[in-house]
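Architecture and fold: a report
Residue strings, one per chain:
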Amino acid sequence: MVDTVNSLATRLHEVLVRFLTEGSPSVAARGLHDVIARAAVLGPDGAWIAASGHAGLAGLACAQGETELTLAHLEAAVEGGFNDCVSCHTPLMLPLHREPRFQDLYGRMRITQADFDELVWLHREMQTMIRESQQAAVDNLGRLDTGVSLLPHAPLPTRTPNTLGLLITRIDVAAVQTALQQAAVKAEFQRSAGNTSLELVSDTWDHTRARHDAWYADDLDDRRRYAAEARAFVERPGAGTTLAPCPPLGSITYPA
């Protein structure tokens, strides 16, 4: 099958989800290198896909303390249109702020105000999803019902971005959403199956408690779904669409 931008974006999403669920840097690196090689065949159309792969490899290298490799991949990413200045302010990346080469790469990135607003939202949504998944895991502990609670997430923005680099971060967020939902569903099916088995063999199963747990879980699911819908990104009227340098390095507080 001939690769397209859409098929490679899907493949990139799969690689990231697998890394987030299995946690193997070596497997993720092989997948990202494969995406980069296949994106190169597409020429300029695939530049942002390749940039996303390089950004992912930079993150892996940074986590392993490999500064030179991190900077090499970041340079390739920036060349391909990477401009996620918010991600450059994660705790993992902060030590690089002292590196002149990193400072130069950061200074070469350009973004619009409208795209920057969405970047901040995308990173905030990732953090919100992580907190929601942790809270849901706590809420589901000890439930006696056999229902399965899904983990809702806010819809990703559909506006046409001013810079293709924004699509990189959208894929990152989509991967986090998918990975968290997969983990939640897996845990929920295990709990549900366990409760079904116990109910069949137990003469003292608390059916009243199970019905109460089901009702309470449904109520929580509704609240989470409404909250996720309410978090949807809304573009600010009049947000600038002119390319400009990113906010000064160190001036962005990473969303908590």
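Residues numbered from 1 in each chain as written. Predicted model: local features only at pLDDT ≥ 70, side-chain atom pairs only at ≥ 80, totals over all residues. Heavy atoms only, no water.

1. Observations concerning the packing of aromatic side chains
The criterion, for reference: When two rings of Phe, Tyr or Trp (its six-membered ring) have centres within 6.5 Å they constitute a pair, described as stacked for plane angles under 30 degrees, edge-to-face for angles over 60, and tilted for the intermediate range. Only DSSP runs of H or I with at least four residues qualify as helices, and only runs of E with at least two residues qualify as strands; both kinds are numbered from the N terminus onward. Think of it in three bands: with a 1.4 Å probe and only protein chains considered, a residue is buried below 20% of the maximum accessible area for its type, exposed above 50%, and partly exposed in between.
By the definition in use, this model includes one aromatic pair. With 6.0 Å between their ring centres and 65° between their planes, Trp-121 and Phe-233 make a pair best called edge-to-face. Pair noted here: Trp-121 is in helix α6 (residues 113-139) and Phe-233 is in the loop between α8 (207-230) and β2 (244-245), with a separation of 112 residues, a long-range link. When its relative accessible area of 17% is taken as the criterion, Phe-233 is described as buried.

2. What about the environment of Arg-159?
The test is simple: Contacts between residues were defined by any pair of non-hydrogen atoms, one from each residue, lying within 4.5 Å. Between N or O atoms, a polar contact is any pair within 3.5 Å; within protein, one atom must be a potential hydrogen donor and the other a potential acceptor, and residues adjacent in sequence are included only when both atoms are from side chains.
With respect to the helices and strands, Arg-159 occurs in the loop between α6 and α7 (165-201). We classify Arg-159 as buried; its relative accessible area is 12%. Sequence separation of Arg-159 and Glu-235 is 76 residues, and the distance between their C-alpha atoms is 8.4 Å. In contact with Arg-159, not counting residues within four places along its chain, are Ala-114, Asp-115, Glu-118, Leu-166, Arg-170, Phe-233 and Glu-235. At 2.8 Å, the side chain of Arg-159 and the side chain of Asp-115 are in polar contact. Reaching out from Arg-159, the side chain makes a polar contact with the side chain of Asn-162 at a distance of 3.4 Å.

3. Quick notes on the nonpolar core
Soluble globular proteins: nonpolar side chains tend toward being buried together. Basically, it comes down to this: Throughout, nonpolar core names a set of buried Ala, Val, Leu, Ile, Met, Phe, Trp, Tyr and Cys residues whose side chains join them through atoms within 4.5 Å.
Leu-74, Phe-82, Cys-85 and Met-109 are the most contacted members of the largest nonpolar core, which has 58 residues in total. At the level of secondary structure, the elements contributing two or more residues to this core comprise α1 (5-22), α2 (25-40), α3 (47-63), α4 (67-79), α5 (100-108), α6 and α7. Ranked by residues supplied to this core, first place goes to α3 with nine residues. The residues contacting Cys-85, other than those within four sequence positions of it, are Tyr-106, Met-109, Phe-116, Leu-119, Cys-246, Pro-247 and Ile-252.

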